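One-letter residues, chain by chain:
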Amino acid sequence: MSEPEQPTKKYRGNCHCGAFVFEVEAPEIKSLSDCNCSICTKRGYLWLVPKSAPTIVKDDGKLVHYSFAGKNMDHQFCGNCGITVLAASDMFPAKFGVNARTIQGLNVWDLEIKTFDGAAYDPQYVAPAYSGPEPNPAGFEDANTYHGSCHCGAVTTAVRIKGSPEDNTYKERILECNCSICLRAGYIWIYPSESQVAIQGRENLSTYVFGTRVFRKVFCKTCGVHIGAEPNPDLTDEEIAALPEVVRDFRAARLDLRPMNLRAFNGLDLKRVKPTQVDGWSRGQQYANP
Ligand SMILES: [Zn+2]
Ligand SMILES: [Zn+2]
Ligand SMILES: [Zn+2]
């Protein structure tokens, strides 16, 4: 006997910039899958596996496709804003998995998160190694250098910090936010200064600005892994002068910051990282769902 059909709801989702919008039918979403494989960890996916394929509402042709190893999964992210929306694979019942972080009105922090041991399926993945000069800021003699990378290896990073984000020896802020962009990208933020950070393969980064455009997000243009953020160097003096005073002051106080996404660090056990959750969701009224 088959199980009785559950009533379904129509969910609508989109990348952050709105270049790609989809709808998907699914029973009320109460739980999501958090996979621990290499790509899901670096991109922060939370999976919804629907029984029927999503329908595309809007597609501006910005989707970038990325696959690796057995090439049995086609990961699709927006090349403009870097947000992963879908993955196509014959392994899914309707050939598609949906990154539920992109579903409108779904605060994933309120849902049950089930762990899926995808790492067991990609034992061959070796994280790309950083081979550039090590950051060596004054005052960090007793610190640790963490290497990181996007998934494909086009971008690698080194970050020098005191203590370990895996335990309470790291005394600086570790934040996770549920505003429109942070929720979609699944960032786990730390806030080093420019001198603590080195990035190789900058030419392989795409950047994304929105809102006040004061900071820009940077992600690998090939695999879509978000590396971090930096002050937007393209703001003109006129644009800076036109910013609301509070935003201008915010920017001026943070020109030295290079926020980094811990998901791009290699060899970190993210299960041991305990970020403070910031409720950007409630402050995000200015983001209009497309
Ligand atoms: Zn987009
Ligand atoms: Zn996975
Ligand atoms: Zn990459």
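Just so we're clear, the structure is a prediction, and the values are computed from it rather than from any experiment.

Taken in spatial order, the three strands line up as β1-β2-β5 in an open sheet, and their pairing is antiparallel. In this open sheet, the two strands that pair with only one neighbour each are β1 (8–14) and β5 (55–59). This sheet shows a mean twist of 20 degrees between the axes of neighbouring strands, independent of strand direction. Inspection of the sheet shows β1 paired to strand β2 (residues 20–27) by seven bridges, in the antiparallel sense.

On to the pairing of β2, then. Burial analysis of β2 places six of its eight residues in the buried class, the great majority of the element. The turn joining β1 and β2, which pair antiparallel and follow one another in sequence, is formed by five residues; a positive phi near 85 degrees is taken by G18. With four bridges connecting them, β2 and β5 associate as antiparallel partners. By the bridge assignment for β5, F22 is matched with I56.

Its domain assignment divides the protein into domain 1 (8–119) and domain 2 (144–278). Summarising the inter-unit geometry, the C-alpha centres of domain 1 and domain 2 are found 23 Å apart. The junction of domain 1 with domain 2 conceals about 2400 Å² of combined surface from both sides, 54% of it contributed by carbon and sulfur atoms. Among the elements that make up the side of domain 1 that touches domain 2, the one with the highest residue count is helix α1 (residues 38–43) (six residues). Per-class residue counts for the side of domain 1 that touches domain 2 are 14 nonpolar, twelve polar and four charged.

Reading guide: rules and limits
Residues numbered from 1 in each chain as written. Chains lettered and ligands numbered in written order. Predicted model: local features only at pLDDT ≥ 70, side-chain atom pairs only at ≥ 80, totals over all residues. Heavy atoms only, no water. Pairing = 2+ DSSP bridges. Helix = DSSP H or I, 4+ residues; strand = E, 2+ residues; numbered from the N terminus. Axes fitted to C-alpha atoms, helices over the stretch in contact; angles between N-to-C directions. Buried < 20%, exposed > 50% of the residue type's maximum accessible area, 1.4 Å probe, protein only. Domains from an automatic or database assignment. Buried area = accessible area lost by both parts, 1.4 Å probe. Nonpolar A, V, L, I, M, F, W, Y, C, P; charged D, E, K, R; others polar.

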